[in-house]
Amino acid sequence: MPVRIATWNVNSIRARSGRVVDWLQRADIDVLALQEIKCRDDQFPAAAFEAAGYEVATHGFNQWNGVAVASRVGIADVELGFPGMPAFGKPLPDGTVPLEARAMAATVGDGIRVWSLYVPNGRDLADPHYPYKLAWLDRLRAATAERLAGNPDEPVALMGDWNVAPLDSDVWDMAVFEGSTHVSQPERDAFAAFETAGLTDVVRPLIPTGYTYWDYKQLRFPRNEGMRIDFVLASRAFADLVTGASIERNERKGDAPSDHVPVVVELDVESPLDDDRPMIF
DNA sequence: ATGTCGCTTTGAAAGCGA
């Protein structure tokens, strides 16, 4: 049995835990990296996941952002944030700025390292959130390069909502995005730097076109006016295991969808689930 | 149409973030 790993910006896990868990089972997903859980750790609906056979590791902070990893093939060595991660927001009474909950890693299955990432939006080219976004991406790239230098053969994937559209064809109309975040050259350069650091987009070669996000407003989904901003960037060792991928466009349909859809990669490795499966032949 | 969501503060409606 292959291992199926997905990433999904769920836009509040409390608002759609049923829908997410239902999809996990329907799509036969082993590991899910979630973004925008929009809750504290104690508010995460872990019971719904556990009832379906998934362990959960969460990194929530308040009503904003928040990431998590759900797995039915084990979770180990959870890491919250990354070395050098910039902070943003209102200073606390003691003058320090708290770190946002936008990045976590876990080792799943037989030694596969998965990062769940929610890259800062940037808001506007003139907003302080924009240089924060660029610095955040640069520090993540540096931390990733350093980790890869020490573990060149580690299968690792950086997956999540990157909030960058690397190609003009990743948005429905470049004219609409003139002067906006997500398509600026510094953002695209920051994204491309991960490829220079040795990571590759393992979905694009298999699924060359298609969006992963459609705004709730202005009938964007019915008009197919979307953006491709959710990616899986993988090390060589991870990329060599990838045998398939999908963008789950149907998950944008129906009742109370997230504005993002899941992106799935399938790996040619033995699932730990196989070990305790009874032999029936 | 800055046209929809989800969360929070607050006790119905507004602010924030995306």
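Structure's up top.
Residues numbered from 1 in each chain as written. Chains lettered and ligands numbered in written order. Predicted model: local features only at pLDDT ≥ 70, side-chain atom pairs only at ≥ 80, totals over all residues. Heavy atoms only, no water.

1. Considerations on the pairing of strand 7 (residues 112-118)
In terms of burial, strand 7 is largely enclosed, as 7 of its 7 residues are buried. Burial of strand 7 is two-sided: the residues Ile-112, Val-114, Ser-116 and Tyr-118 facing one way and the residues Arg-113, Trp-115 and Leu-117 facing the other way are all buried. Where strand 6 (residues 103-108) hands over to strand 7, the hairpin turn is made up of 3 residues, of which Gly-109 adopts a positive phi near 55°. The sheet contact formed by strand 7 and strand 8 (residues 156-161) spans 6 bridges and is parallel. Looking at the pairing, Arg-113 lines up with Val-156 of strand 8. (Buried < 20%, exposed > 50% of the residue type's maximum accessible area, 1.4 Å probe, protein only. Helix = DSSP H or I, 4+ residues; strand = E, 2+ residues; numbered from the N terminus. Pairing = 2+ DSSP bridges.)

2. Thoughts on the packing of aromatic side chains
Per the stated rule, a full pass over the model turns up 10 aromatic pairs. Judged by centre distance (4.7 Å) and plane angle (25°), the ring pair of Phe-88 and Tyr-132 falls under stacked. Here the residue Phe-88 occupies a position in the loop between strand 5 (76-80) and strand 6, and Tyr-132 occupies one in helix 3 (residues 129-150), the gap between them amounting to 44 residues. According to the relative accessible area criterion, Tyr-132 is buried, its value standing at 5%. Geometrically, the ring pair formed by Trp-162 and Phe-191 is edge-to-face, given 5.4 Å between the ring centres and 85° between the ring planes. Placement of the pair is Trp-162 in the loop between strand 8 and helix 4 (185-196) and Phe-191 in helix 4, with a sequence separation of 29 residues. There is no split in this pair, since Trp-162 and Phe-191 are both buried. Each member of the aromatic cluster is reached from another via a ring pair, and the members are Trp-162, Phe-191, Phe-194 and Phe-231. (Phe/Tyr/Trp six-rings, centres within 6.5 Å; stacked < 30°, edge-to-face > 60°.)

3. Quick word on the pattern of salt bridges
Scanning the entire structure with this criterion turns up 17 salt bridges. Two residues, Asp-22 and Arg-26, come together in a salt bridge whose shortest N-O distance is 2.2 Å. With Asp-22 and Arg-26 both in helix 1 (residues 13-26), this residue pair falls 4 residues apart, about one helical turn. Judged by relative accessible area, Arg-26 falls into the exposed class, the value being 51%. For Arg-113, the salt bridge is made with Glu-79, and the minimal N-O distance between the two is 2.8 Å. Taken together, the residues span a long stretch of sequence, with Arg-113 in strand 7 and Glu-79 in strand 5 at a distance of 34 residues. If you follow the salt bridges from partner to partner, you end up with Arg-19, Asp-22, Arg-26 and Glu-251 in one network. (Salt bridge = Lys/Arg side-chain N within 4 Å of Asp/Glu carboxyl O.)

4. Structural notes on helix 1
Approximately 35° is the largest bend angle found in helix 1, and it occurs at Arg-19. Turning to helix 1, its buried residues number three or more, namely Ile-13, Arg-16, Ser-17, Arg-19, Val-20, Val-21, Trp-23 and Leu-24. For helix 1, the elements touching its buried residues are strand 1 (3-9), strand 2 (31-35), helix 2 (46-51) and strand 12 (263-267). Residue Ser-12 occupies the N-cap position of helix 1, its side-chain oxygen lying 3.5 Å from the main-chain nitrogen of Arg-14. Count one or two residues on from helix 1 and you reach Asp-28, which has phi positive near 60°. (Bend = angle between axes of the 7 residues up to and from the residue. Contact = heavy atoms within 4.5 Å. Polar contact = N/O pair within 3.5 Å; in protein donor to acceptor, adjacent residues only side chain to side chain.)

5. Thoughts on the protein's contact with DNA strand B
Around DNA strand B there are 14 residues in total, and Ser-12, Arg-16, Gln-63, Trp-64 and Arg-123 lie nearest to it. In DNA strand B, atoms within 4 Å of the protein come from the sugar-phosphate backbone in 72% of cases. In the model, a phosphate oxygen of DNA strand B is placed 2.5 Å from a nitrogen or oxygen of the Arg-16 side chain. In the model, a phosphate oxygen of DNA strand B is placed 2.6 Å from a nitrogen or oxygen of the Arg-123 side chain. (Near = heavy atom within 4 Å.)

6. Things to note about the sheet that holds strand 11 (residues 242-247)
The strand order across the open sheet formed by 6 strands is 3-4-2-1-12-11, and the pairing between neighbours is mixed. Because the sheet does not close on itself, it has two edges, and the strands there are strand 3 (55-59) and strand 11. Between one strand axis and the next, the sheet turns through 15° on average, direction left out of account. Here strand 2 pairs with strand 4 (residues 67-71) via 5 bridges, running antiparallel. Note that in strand 4 the partner of Leu-34 across the bridge is Ala-68. Each of strand 1, strand 2 and strand 12 is contacted by helix 1, which is oriented at about 160° to strand 2, the strand it contacts most. (Axes fitted to C-alpha atoms, helices over the stretch in contact; angles between N-to-C directions.)

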